[in-house]
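One letter stands for each residue in the lines below.
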Amino acid sequence: MATLFSIDHSDPKPAGLPSQNPTRSFWANSSPDANPLSREGSTGPLITDADVCIIGSGITGVGVAYHLSEAIETNVLQSPLKVVILEARDFCAGATGRNGGHLTPAAFSEFHDRASKYGPEEAKRSYALEAHTASSLVHIIQDHGWVNDVDLVHGGHIKLLCSDQQVESAQRDREAAVDAGWSLEGTLALSKEEVEATFGAHYPAVKIPGYNLWPLKLVTKLYQLAQSRTGRGFDLVLHTHTPVTAIQHANVSSSASGSEPSANATRAYRLLTPRGAIACSRVVHATNAYASHLLPFLAGPQGIVPVRGQVIATRASVGTDQIKINSWVANEVAFRSFYLVLVFPRTVHRVGNTGSRVRSSHAVYVDDDTTCHPKVGETLRAFLPTTFEEKFERGREPEMEWTGIMGYTAIKDPFVGPIDKFPAIQGTDITRYTGQFIAAGHSGHGMPRAFGCAEVVVQMIVAELTGTVWIQPEWLPTRYLTGKERDSELMIRN
Ligand SMILES: Cc1cc2nc3c(=O)[nH]c(=O)nc-3n(C[C@H](O)[C@H](O)[C@H](O)COP(=O)(O)OP(=O)(O)OC[C@H]3O[C@@H](n4cnc5c(N)ncnc54)[C@H](O)[C@@H]3O)c2cc1C
């Protein structure tokens with residue numbers, strides 16, 4: 001039996017729809033205007049016909065919309081395109097609006113394992129994809145002058161090494177990366193004494209390049225940019241509070257459904273929502289943790305398992321000048337928890353964010369983000385004052401506490417590509433899925449991956465629309481592709 005997170009996976013159930021009335025994240029609720037698109041398109045007439053329906057308005061879904069608009073803008077795609085984003089709740093109310101705000105491409109962690117399992121070239125692509133994604137986002141932010149708008153900070157990222165085992169494993173990964181010819185430029189090993197002197201924590205650490213930003217603000221900007229291109233052959237509409245409850249494969253004439261007939265009047269799919277149906281030719285599943293709701297064959301450890309993370313936003317007791325670094329991660333073995341600490345020097349809030357991803361029954365297969373777990377909350381409250389004794393006050397209550405749902409796969413890598421290529425559905429009527437795509441299962445590390453995966457899905461759609469052959473980018477790991485068999489016994493061990 002599969003043992004992702006060492007728990008029993010017998011009889012896995014597909015994820016539900018995103019819960020109504022979720023806990024309130026700092027990012028979406030710190031000011032009244034924090035999420036200007038929150039209820040965009042939630043009332044009034046529903047679009048009834050589109051070329052591409054994107055399900056989900058996180059970094060992946062909006063990334064797909066952005067890249068489609070870019071394809072039109074740059075004349076890669078010359079035919080008009082009607083695109084709609086359907087979101088079950090507020091705009092960007094999933095993991096993207098609830099995470100720790102790190103944009104940290106992995107530098108070399110897990111290199112040894114990946115090189116042994118997949119070979120050095122495929123291992124290198126894991127890091128190349130993340131470097132590509134982070135640098136694409138940073139370039140877009142800089143080119144459009146959004147640095148202050150999205151609170152982008154290039155402060156580096158520190159991983160505390162909390163045990164001898166973690167020190168050894170970091171050393172092994174570093175050596176494997178060097179052996180494979182992967183550049184470690186910008187990375188730094190810090191001794192316990194150096195960490196103590198500069199940051200106040202009593203562990204050795206690894207420092208790697210990395211960014212922090214306000215994910216909801218970034219996704220809002222990306223959507224607004226894509227939307228501003230409407231009218232030049234590109235048409236983008238967002239309907240929030242419009243959950244997709246089912247996908248029917250059907251030949252629906254768009255004129256019969258009441259909308260203007262388009263050049264491509266026969267649509268393969270009808271997406272059902274409580275507000276009505278939408279006919280479309282292509283569907284992109286950007287639903288991450290919730291993917292198995294519409295694609296039940298993805299339930300369980302061979303697909304995408306929902307895992308709940310919990311976060312607190314806490315005020316530090318010292319000024320940001322004394323915190324010295326924006327981004328931390330520490331894997332505290334005793335609690336089997338994973339912490340993130342983030343401080344925003346750009347805001348006046350001096351907020352430390354501690355996120356926990358407890359790998360236990362508190363969290364695995366939990367797709368409900370309407371509550372917080374008290375035990376996890378206790379652990380989170382203890383972490384900052386224990387690790388950074390003089391910087392966070394013991395007993396101070398957090399300003400906000402919330403949960404969010406991540407989508408984990410057995411190998412902790414996402415699925416990217418056409419749905420009809422999944423090995424699990426070969427032998428069934430795969431034409432029911434032709435024209436549907438997915439980029440999901442980012443396994444708690446989507447910020448430096450999802451936007452690049454969205455780019456790949458758009459390349460594939462553009463190739464279909466232009467009758468060309470899609471060519472795998474050199475930075476894309478082959479194992480991400482939906483058409484590839486994932487060796488579960490080898491890969492699930494963890
Ligand atoms: C607590 C926490 C901490 C994290 N920390 C980090 C980190 O430090 N670094 C990092 O890189 N990543 C982190 N992540 C993970 C990161 O946030 C995700 O990998 C990334 O945001 C995934 O983006 P997405 O767009 O694919 O999914 P999401 O942002 O979850 O978007 C999916 C959207 O689909 C919508 N949806 C689902 N089903 C339907 C449906 N049937 N109809 C309509 N809409 C639907 C959902 O409401 C949601 O808005 C963290 C996540 C959490 C929750």
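The rules behind the values
- Throughout this document, residue positions are counted from 1 along each chain, in the order its sequence is written.
- In keeping with the predicted nature of the model, local features appear solely for residues at pLDDT of at least 70, side-chain atom pairs appear and are counted solely at 80 or more, and the whole-chain, interface and lining totals rest on all residues.
- Heavy atoms from the whole structure form the basis of all side-chain values; hydrogens and water molecules are not counted.
- Throughout, near means a residue has at least one heavy atom within 4 Å of the molecule or strand.
- Identification of polar contacts relies on pairs of N or O atoms within 3.5 Å, with a donor-acceptor requirement for protein atoms, meaning one able to donate a hydrogen and the other able to accept it, and with residues adjacent in sequence counted only if both atoms are side-chain atoms.
- With residues, only the protein chains shown are counted as cover, and all accessible areas are computed by Shrake-Rupley using a 1.4 Å probe.
- A run of DSSP states H or I qualifies as a helix once it reaches four residues; a run of E qualifies as a strand once it reaches two. Both are numbered from the N-terminal end.
- Axis definition: a line fit to C-alpha positions, over the contact stretch in the case of helices; interaxial angles, taken between N-to-C directions, run 0 to 180 degrees.
- Under this scheme an angle from 65 to 115 degrees is roughly perpendicular, one under 35 degrees roughly parallel, and one over 145 degrees roughly antiparallel; angles in between are oblique.
- By convention the crossing between two helices is left-handed if the near helix lies anticlockwise of the far one by an angle smaller than a right angle, and right-handed if it lies clockwise.
- Note on definitions: a residue-residue contact is assigned when non-hydrogen atoms from the two residues lie within 4.5 Å.
- Accessibility here uses a 1.4 Å probe with only protein chains present; expressed as a share of the type maximum, an area under 20% marks a residue as buried, one over 50% as exposed, and anything in between as partly exposed.
- In short, DSSP must find at least two bridges between two strands for them to pair.
- When residue character is reported, Ala, Val, Leu, Ile, Met, Phe, Trp, Tyr, Cys and Pro are called nonpolar, Asp, Glu, Lys and Arg charged, and the others, Gly included, polar.
- Pairing of aromatic rings covers Phe, Tyr and Trp, the last through its six-membered ring, and needs centres within 6.5 Å; plane angles under 30 degrees mean stacked, over 60 mean edge-to-face, and all others mean tilted.
- Residues belong to a common nonpolar core when they are buried Ala, Val, Leu, Ile, Met, Phe, Trp, Tyr or Cys residues joined through side-chain atoms within 4.5 Å.
- Where each domain starts and ends comes from a domain assignment, either automatic or drawn from a database.
- Predictor confidence is given residue by residue as pLDDT, running from a minimum of 0 to a maximum of 100.
- In this analysis, the expected span of each helix is defined as 1.5 Å times one less than the number of residues it contains.

Under an unreviewed UniProt entry, the name given to the protein chain is FAD dependent oxidoreductase, and the organism recorded is Boletus edulis BED1.

### Thoughts on the site of the ligand
Taken together, 39 residues are adjacent to the ligand, and Thr60, Glu87, Thr96, Asn99 and Met447 come closest. Residue asparagine 99 places a side-chain N or O atom 2.9 Å away from an oxygen atom belonging to the ligand. Glycine 444 is positioned such that a nitrogen or oxygen atom in its backbone is 3.3 Å from a nitrogen atom of the ligand. The protein chains hide 99% of the 1000 Å² of surface that the ligand would expose on its own. Elements represented by at least two residues in the shell around the ligand include exactly α2 (59-73), β12 (305-315) and β16 (400-408). It is β16 that contributes the most residues to the shell around the ligand, three residues altogether.

### Thoughts on the packing of α2 against helix α7 (residues 215-228)
Two elements in contact, α2 and α7, have axes whose closest approach is 9 Å; the angle formed by their N-to-C orientations is 30 degrees. By the angle class used here, α2 and α7 are roughly parallel. In the packing of α2 onto α7, the handedness of the crossing is left-handed. Where α2 abuts α7, its residues Ile59, Val62, Ala65, Tyr66 and Ser69 lie against Leu218, Val219, Leu222, Tyr223, Leu225 and Ala226.

### Observations regarding the side chain of serine 443
By secondary structure assignment, the location of serine 443 is in the loop between β18 (436-440) and α10 (450-466). The class of serine 443 is buried, set by a relative accessible area of 5%. For serine 443, the side chain forms a polar contact with the main-chain oxygen of glycine 441, separated by 3.0 Å.

### Remarks on the pairing of strand β10 (residues 266-273)
With five bridges joining them, β10 and strand β11 (residues 276-285) adopt antiparallel strand pairing. The residue bridging threonine 273 from the neighbouring strand is glycine 276, located in β11. In this structure, the hairpin formed by β10 and β11 is closed by a connection of two residues.

### Quick word on the packing of helix α3 (residues 111-118) against helix α5 (residues 164-179)
Where α3 meets α5, the closest approach of the two axes is 7 Å, and the angle between their N-to-C directions is 55 degrees. On the basis of the axis angle, α3 is oblique to α5. Of the residues in α5, those touching α3 at Phe111, His112 and Asp113 are Arg172, Asp173, Ala176 and Ala177. A class-by-class count of the residues in the contact of α3 with α5 yields three nonpolar, one polar and three charged.

### Quick word on the packing of aromatic side chains
Remark: the centre distance and the inter-plane angle together describe each pair of aromatic rings, the angle taken between the planes. A complete count under the given rule lists 10 aromatic pairs for this structure. Centroid distance phenylalanine 26 to tryptophan 27: 5.5 Å. Interplanar angle 75 degrees. Geometry classified as edge-to-face. Through pairs of rings, three or more aromatic residues link up here, namely Phe297, Phe415, Phe422 and Tyr433.

### Section: the nonpolar core
One finds Ile54, Ile59, Leu68, Phe91, Leu218 and Leu222 to be the most contacted residues of the largest nonpolar core, which totals 66 residues. With 10 residues, the single largest contributor to this core is α10. Both of domain 1 (4-97 + 217-302 + 410-492) and domain 2 (147-212 + 304-407) provide at least three residues apiece to this core. Within the second largest apolar cluster, 14 residues are counted, among which are Ala107, Phe111, Ala170 and Leu184.

### Brief notes about the side chain of serine 281
Mapped onto the fold, serine 281 is located in strand β11. Assessed through its relative accessible area of 11%, serine 281 is described here as buried. Within polar-contact distance, the side chain of serine 281 engages the side chain of arginine 267 at 2.7 Å.

### Concerning the environment of threonine 245
Checked against the element boundaries, threonine 245 lands in the loop between β8 (234-239) and β9 (246-253). Once you skip the residues sitting within four places of it in the chain, threonine 245 turns out to touch Leu17, Leu272, Thr273, Pro274, His293 and Leu294.

### Concerning unusual backbone geometry
Although it is not a glycine, histidine 241 sits at a positive phi angle of roughly 50 degrees. Non-glycine residue asparagine 288 carries a positive phi angle of around 40 degrees. You can see asparagine 288 is positioned in the loop between β11 and α8 (291-294).

### Quick look at the confidence of the model for the protein chain
Mean pLDDT over the protein chain stands at 87; residues scoring 70 or higher make up 86%. A low-confidence stretch, residues 333-338 (pLDDT under 50), is modelled with 19 contacts involving residues beyond four sequence positions or located in other chains. The low-confidence segment residues 345-350 (pLDDT under 50) makes 18 contacts with residues lying over four places distant or belonging to another chain.

### Some words on the environment of histidine 112
Structurally, the position occupied by histidine 112 is in helix α3. Spatially, the C-alpha atoms of histidine 112 and alanine 170 are 9.2 Å apart, while their sequence positions differ by 58 residues. Apart from residues lying up to four places away in sequence, histidine 112 is in contact with Arg172, Asp173 and Ala176.

### Thoughts on α10
With 17 residues, α10 should reach 24 Å at 1.5 Å per residue; the first-to-last C-alpha distance of 24 Å fits that figure. Of all the 17 residues making up α10, 13 are buried; the element is thus mostly covered by neighbouring parts of the structure. Where α10 terminates, the next one or two residues include glycine 467, which has phi positive at roughly 65 degrees.

### Concerning helix α4 (residues 120-143)
Helix length check: α4, at 24 residues, gives a terminal C-alpha distance of 34 Å against a target of 34 Å (1.5 Å per residue), a fit within 8%. Of the residues flanking the end of α4, it is glycine 145, one or two places downstream, whose phi is positive at about 70 degrees.

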